[in-house]
Amino acid sequence: MDAFRGLGMPSIPGLGDVLTLLQKQSETLAQLPRTLADLNRTIQELTEATTKARETIGSAQRITEHLEGLIEELQQPVRGLKPGLERIGRVLDDPAVDTVPDTLRRIHDDLMPLIAGLRQAQARVGSVTGVLRRRPRSADAHDREH
């Protein structure tokens with residue numbers, strides 16, 4: 001569309017194209033401040049993210065150094081446990097260890113009735129001796145009378 005058509009001016013070939021390009025350039029230039037503001041905001045956000053990442057990396061580095069110190073402290077004592085753990089492993093691999101639960105169960109089953117019987121006997125003896133302590137002996141009673 002020719003911008004000068006309504007003004008009574010003759011149409012110049014290619015002038016409409018030039019005017020269209022100038023209009024697009026003007027619109028682009030008009031959007032430039034908003035684009036620059038968006039770019040500036042994005043750069044600020046990137047700067048903040050970079051600062052946080054740097055702080056996080058520093059914190060992670062301090063934690064890593066602390067963990068390395070702990071590992072160095074624990075390394076020797078843990079290595080000292082190795083021979084004992086190996087001995088325990090050999091003992092636990094012994095087939096005799098597998099029989100321990102059954103042996104303990106048999107001991108329990110055999111001894112518990114005996115212990116219960118001993119406790120009953122002890123209670124009976126205790127009650128008999130309690131009665132005897134309460135009753136004076138006949139000889140003592142006789143001596144007291146004379």
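Residues numbered from 1 in each chain as written. Predicted model: local features only at pLDDT ≥ 70, side-chain atom pairs only at ≥ 80, totals over all residues. Heavy atoms only, no water.

## As for the overall build of the chain
Definition in use: Strands are runs of DSSP state E lasting at least two residues, helices are runs of H or I lasting at least four, and both sets are numbered from the N terminus onward. Relative accessibility decides the category of a residue: with a 1.4 Å probe and only protein chains considered, values under 20% of the type maximum give buried, values over 50% give exposed, and everything between is partly exposed. Per-residue and other accessible areas were derived by the Shrake-Rupley procedure at a 1.4 Å probe size, with only the shown protein chains allowed to occlude residues.
Looking only at helices and strands, the chain has three helices and zero strands in total. In sequence order, the secondary structure elements of the chain are arranged as α-α-α. With 146 residues in all, the chain has 2% of them scored as buried. As presented, the chain carries roughly 13500 Å² of accessible surface, and 61% of it is formed by carbon and sulfur atoms.

## Comments concerning a negative patch on the surface
Here is the rule we go by: For patch detection, residues must exceed 30% relative accessible area and be free of salt bridges, and they are connected within 9 Å for like charges or within 5 Å for nonpolar side chains (Val, Leu, Ile, Met, Phe, Trp, Tyr). Salt bridge criterion: a side-chain nitrogen from Lys or Arg within 4 Å of a carboxyl oxygen from Asp or Glu. Neither His nor the chain termini are counted; the positive set is Lys and Arg, and the negative set is Asp and Glu. Where a charge sits is defined by one atom per residue type, namely NZ (Lys), CZ (Arg), CG (Asp) or CD (Glu).
A surface patch of like charges, here negative, comprises Glu65, Glu68, Glu72 and Glu73. You can see Glu68 is positioned in helix α1 (residues 15-93). Classification of Glu68 as partly exposed rests on a relative accessible area of 45%.

## Considering the confidence of the model for the chain
Rules: The predictor reports its confidence for every residue as pLDDT, a score running from 0 up to 100.
Counting all residues, the mean pLDDT for the chain is 84, and 80% of those residues have values of 70 or more. Across the chain, the secondary-structure element scoring lowest on mean pLDDT is helix α3 (residues 138-145), at 57, and the one scoring highest is α1, at 92.

## Examining the pattern of salt bridges
What the rule picks out here adds up to two salt bridges. Put simply, Asp38 and Arg41 hold a salt bridge, and the shortest N to O gap is 2.4 Å. Of the two residues, Asp38 and Arg41 are both situated in helix α1; the distance of three residues between them amounts to about one turn of the helix. Residue Arg105 pairs with Asp102 through a salt bridge whose shortest N-O separation is 2.7 Å. With Arg105 and Asp102 both in helix α2 (residues 95-134), this residue pair falls three residues apart, about one helical turn.

## Notes on α1
The line we're drawing: Here a helix's expected span is defined as the number of its residues, less one, multiplied by 1.5 Å. Given a residue, its bend is the angle between the two axes fitted to the seven residues that end at it and to the seven that start from it.
When the terminal C-alpha atoms of α1 are compared, their 99 Å separation across 79 residues is substantially less than the 117 Å that a helix rising 1.5 Å per residue should span. Where α1 bends most, at Leu32, the angle is about 35°, and the proline Pro33 comes one to four residues later.

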